[in-house]
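# A structural walkthrough
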Amino acid sequence: MKKILVVDDEKLIVKGLRFSLEQDDMEVDTAYDGEEAINKAKENSYDMILLDIMLPKFTGLEVCQMIREFSDVPIIMLTAKGEDMDKILGLEYGADDYITKPFNILEVKARIKAILRRNSKNDGQKAQKDNVIEKKGLKLELDSRRVFIDGKEASLTAKEFDLVLLLVSNPNKVYSRDELLKTIWGSSYPGDARTVDVHVRRLREKIEEHPADPKFIHTKWGVGYYFAD
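Computed from a prediction, not measured in an experiment: that's the story for all the values here. (Residues numbered from 1 in each chain as written. Predicted model: local features only at pLDDT ≥ 70, side-chain atom pairs only at ≥ 80, totals over all residues. Heavy atoms only, no water.)

## With respect to the domain arrangement of the chain
When the parts of a complex come together, some accessible area is lost, and that lost area is often used as the size of the interface. The line we're drawing: Annotation comment: domain bounds sourced from an automatic or database domain assignment. Between two residues, a contact is recorded if the distance between any of their heavy atoms is within 4.5 Å. Two parts placed together each lose some accessible area; with a 1.4 Å probe, that loss summed over both constitutes the buried area. Each reported salt bridge corresponds to a side-chain nitrogen of Lys or Arg within 4 Å of a carboxyl oxygen of Asp or Glu. Whenever a nitrogen or oxygen atom comes within 3.5 Å of another N or O atom, the pair is scored as a polar contact, on the condition that within protein one atom can donate a hydrogen and the other can accept it, and that pairs from neighbouring residues in sequence are kept only if both atoms are in side chains.
In terms of domains, the chain is made up of domain 1 (2-120) and domain 2 (132-227). Computed from C-alpha coordinates alone, the two centres of domain 1 and domain 2 are separated by 24 Å. Between domain 1 and domain 2, the residue contacts involve 16 residues of the former and 17 residues of the latter. With both sides pooled, the region where domain 1 packs onto domain 2 buries about 1,500 Å², and carbon together with sulfur makes up 44% of that total. Connecting domain 1 to domain 2 are 1 salt bridge. Two residues, R201 and E92, come together in a salt bridge whose shortest N-O distance is 2.1 Å. The interface formed by domain 1 and domain 2 includes 3 residue pairs in polar contact (both at pLDDT 80 or more).

What follows is the structure, given as structure tokens:
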């Protein structure tokens, strides 16, 4: 049974999400402000967090940023605002996806299941020996989904790990932003190329010693991104 934390100060929304998710045999925990959300994220192990942006005490963006300091649990932001900047900020702070209110509950459940399905590919059947990719001081442990740079672990989100894994697994192959968006986020994802740019920038900040002069993830201007072997 998957465990989901729903964070929103609108009790009717929380009630509706909880009821619907429980119908799909998910265990649902709730929080109604940013402080409560952070405490619950620290005290419990969740498979997914649905996080509203507009919250008392701490905003959803602040909550997301603080959770990313200790956890890579998938986070879907819920926002009543439709401006692109809110969506981009959510990704900048470490969110994996976003949904704009008012939303269709079927869309929410589809997004949740898609992310859980991708993550579950690396769970359940633990190999006796971890599959490991090592290149240029960058080490990826595929079964545990952990990344190390010169022996020091980097805390990546689920999407950031998927992104670096794809690029490292196909060295020197240039992927366009549209190709990365379709491969990592899926063909039905409503975002655009800026989603990829945001994640690449965040990834570089975590794995590159000098993000402005990257060693691993390079830009092919006018085309896309690639891992330089």
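## As for the packing of aromatic side chains
Working definition: an aromatic ring pair is given by the centre-to-centre distance plus the angle between the planes. Let me state the cut-off plainly: Planes of paired rings set the category: under 30 degrees apart is stacked, over 60 is edge-to-face and the rest tilted, where pairs are Phe, Tyr or Trp rings (Trp by its six-membered ring) whose centres lie within 6.5 Å. Numbering of helices and strands starts at the N terminus; helices are DSSP runs of H or I of at least 4 residues and strands are runs of E of at least 2. Throughout, exposure labels follow a simple rule: accessible area from a 1.4 Å probe, protein chains only, divided by the maximum for the residue type, with under 20% read as buried, over 50% as exposed, and the rest as partly exposed. Charge over a ring is defined by NZ of Lys or CZ of Arg lying within 6 Å of the ring centre and within 35 degrees of the ring normal.
Enumeration according to the criterion identifies 1 aromatic pair in this entry. Where F216 meets F227, the ring centres are 6.2 Å apart and the plane angle is 5°; that geometry is what we call stacked. Within this pair, whereas F216 is found in the loop between α8 (193-207) and β11 (217-220), its partner F227 is found in strand β12 (residues 224-227), the two being separated by 11 residues in sequence. This pair shows no difference in class: F216 is buried, exactly as F227 is. Note that K136 overlies the ring of F227, its terminal NZ or CZ placed 5.5 Å from the centroid. Sitting above the plane of the F148 ring, K139 keeps its charged end 5.8 Å from the centroid.

## Thoughts on the nonpolar core
Keep this limit in mind: Only buried residues count toward a nonpolar core, which is a set of Ala, Val, Leu, Ile, Met, Phe, Trp, Tyr and Cys residues joined through side-chain atoms within 4.5 Å.
In terms of nonpolar packing, the biggest core is built from 48 residues, with I49, L51, M77, L138, V164, I207 and I217 touching the most fellow members. Among the elements that line this core, the one with the most residues is helix α6 (residues 158-169), at 6 residues. For this core, the two domains that each supply at least three residues are domain 1 (2-120) and domain 2 (132-227).

## A short note on the packing of helix α2 (residues 34-43) against helix α3 (residues 60-67)
In plain terms, the rule: Every axis corresponds to a line fitted to the C-alpha atoms, with the helix fit spanning only the stretch in contact, and the corresponding angles, defined between N-to-C directions, vary from 0 to 180 degrees. Angle categories: roughly parallel below 35 degrees, roughly antiparallel above 145, roughly perpendicular from 65 to 115, and oblique for all the rest. By definition, any crossing whose near helix is turned counterclockwise from its far helix by less than a right angle is left-handed, and any crossing with a clockwise turn is right-handed. Think of it as three bins: nonpolar holds Ala, Val, Leu, Ile, Met, Phe, Trp, Tyr, Cys and Pro, charged holds Asp, Glu, Lys and Arg, and polar takes everything else, Gly as well.
Close contact between α2 and α3 brings their axes to 9 Å; oriented N to C, the two are set at 20°. Taken together, the axis directions place α2 and α3 in an arrangement best described as roughly parallel. Crossing of α2 over α3 shows right-handed handedness. The segment α2 lies against α3, with G34, A37, I38 and A41 engaging V63, M66 and I67. Considered class by class, the residues forming the contact of α2 with α3 number 6 nonpolar, 1 polar and no charged.

## Structural notes on the UniProt feature "modified residue: 4-aspartylphosphate" (unreviewed entry) in the chain
Here is the rule: UniProt positions are given in the numbering used here, feature names are shortened, and annotations may be inferred rather than shown by experiment.
UniProt's feature table lists "modified residue: 4-aspartylphosphate" (unreviewed entry) at D52, given in the numbering used throughout. By secondary structure assignment, the location of D52 is in strand β3 (residues 48-52). Note on D52: relative accessible area 3%, which makes it buried. With sequence-adjacent residues up to four places away left out, D52 is seen in contact with V7, D8, D9, G60, L78, T79 and K101.

## Notes on α8
Operational definition: Working rule for helices: expected span equals 1.5 Å times residues minus one.
The end-to-end C-alpha separation of α8 is 21 Å, in line with the 21 Å expected for 15 residues at 1.5 Å each. For α8, the complete set of buried residues consists of T195, V196, V198, H199, V200, R202, L203, R204 and I207.

## Some remarks on the pattern of salt bridges
Counting across every chain of the model gives 20 salt bridges. The residue D33 makes a salt bridge to K57 at a minimum N-O spacing of 3.8 Å. Placement of the pair is D33 in the loop between β2 (27-31) and α2 and K57 in the loop between β3 and α3, with a sequence separation of 24 residues. Between E160 and K206 there is a salt bridge whose closest N-O contact spans 2.7 Å. Of this pair, E160 sits in helix α6 while K206 sits in helix α8, and the two are 46 residues apart along the sequence. With a relative accessible area of 1%, E160 lands in the buried category. Residues joined in a network through salt bridges with shared partners are D8, E10, D52 and K101.

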